[in-house]
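# A look at the structure
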Amino acid sequence: ALPHRESNTLWSSSHLLAAMKLNLANPATGAMKVLDVDDEKILVNFYDKRMAQEVDGAILGEEFTGYVFRIAGGNDKQGFPMMQGVLSASRVRILMSKGYCYYRPRRSGERKRKSVRGCIVASDLSVLNLVVVKKGLADVPGLTDEESAQPARLGPKRANNIRNLFNL
């Protein structure tokens with residue numbers, strides 16, 4: 001008899017080498033930085049936290065002291081995305097219809113069962129997306145410094161907003 005699927009994934013996730021990519025995004029500058037974290041002592045601070053929770057940046061290193069990050073999502077090792085509202089640390093199959101994230105119906109009224117990952121961070125994630133909520137004292141090169149600032153790609157559409165932009 002083969003072991004139950006859930007117990008098999010729990011066994012494999014606890015015995016894997018803990019390596020996770022952290023995508024740090026700064027909406028103020030439009031910049032993004034990727035950190036490859038192999039240290040289990042750093043990753044433990046993210047475990048059992050949910051999406052949209054805020055995390056102190058000092059746990060990532062001294063350059064991030066004073067920063068506050070919000071967990072925005074992530075993907076597990078097989079590429080399934082985290083979904084807000086699914087209170088689980090593992091993968092689940094949800095019956096999705098029109099209006100759900102990660103699903104686009106091809107016909108009217110179509111529903112489909114799709115796999116997504118719960119919103120609780122665990123060790124079987126490969127990527128974790130973090131967004132800067134509060135900037136720290138020192139600038140981080142490539143994330144919050146002036147050189148990494150991206151210009152706004154799109155301008156305003158409404159006439160009043162265009163007038164406000166050019167002070168007309």
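Predicted, not measured: the structure shown is a model, and the values here were computed from it.

Looking only at helices and strands, one finds three helices and seven strands in the protein chain. Helices and strands in the protein chain line up, N terminus first, as α-β-β-α-β-β-β-β-β-α. When the 168 residues of the protein chain are sorted by exposure, 33% land in the buried category. Across the protein chain, every contact between residues at least 6 apart in sequence was considered, and the portion connecting residues at least 24 apart equals 59%. By element, 52% of the accessible surface of the protein chain is carried by carbon and sulfur atoms, the whole surface being about 11300 Å².

Glancing now at the environment of arginine 70. Relative to the assigned elements, arginine 70 resides in strand S4 (residues 68–76). Taking the C-alpha atoms as reference points, arginine 70 and glycine 57, 13 residues apart in sequence, are found 9.8 Å from one another. Apart from residues lying up to four places away in sequence, arginine 70 is in contact with Ala52, Gln53, Glu54, Asn129, Leu130, Val131 and Val133.

What follows covers the nonpolar core. Residues Leu22, Phe46, Leu60, Phe64 and Leu128 are the most contacted members of the largest nonpolar core, which totals 26 residues. Elements represented by at least two residues in this core include exactly strand S1 (20–26), strand S2 (31–37), helix H2 (40–43), S4 and strand S7 (125–134). The dominant element in this core, judged by the number of residues it contributes, is S7, at four residues. Non-local contacts of leucine 22, meaning those with residues more than four positions away in its chain, are made with Lys33, Val34, Leu35, Val37, Phe46, Leu60, Leu128 and Leu130. Listed in part, the six residues of the second largest apolar core include Met83, Ile94, Met96 and Val116.

With that settled, consider unusual backbone geometry. With a phi close to 65 degrees, aspartate 48 is a non-glycine residue in the positive phi region. Structurally, aspartate 48 is set in the loop between H2 and strand S3 (54–56). Phi at alanine 52 is positive, roughly 75 degrees, even though this residue is not glycine.

Among the surface-exposed residues, Ile162, Leu165, Phe166 and Leu168 lie close enough to one another that they form a single nonpolar patch of about 460 Å² accessible area. Structurally, the position occupied by phenylalanine 166 is in the segment after helix H3 (159–165).

Basis of the calculations
- Residues numbered from 1 in each chain as written.
- Predicted model: local features only at pLDDT ≥ 70, side-chain atom pairs only at ≥ 80, totals over all residues.
- Heavy atoms only, no water.
- Helix = DSSP H or I, 4+ residues; strand = E, 2+ residues; numbered from the N terminus.
- Buried < 20%, exposed > 50% of the residue type's maximum accessible area, 1.4 Å probe, protein only.
- Contact = heavy atoms within 4.5 Å.
- Areas by Shrake-Rupley, 256 points an atom, 1.4 Å probe, with all protein chains shown as cover.
- Core = buried A, V, L, I, M, F, W, Y, C linked by side-chain atoms within 4.5 Å.
- Patch = residues over 30% accessible without salt bridge, like charges linked within 9 Å, V, L, I, M, F, W, Y side chains within 5 Å.
- Salt bridge = Lys/Arg side-chain N within 4 Å of Asp/Glu carboxyl O.

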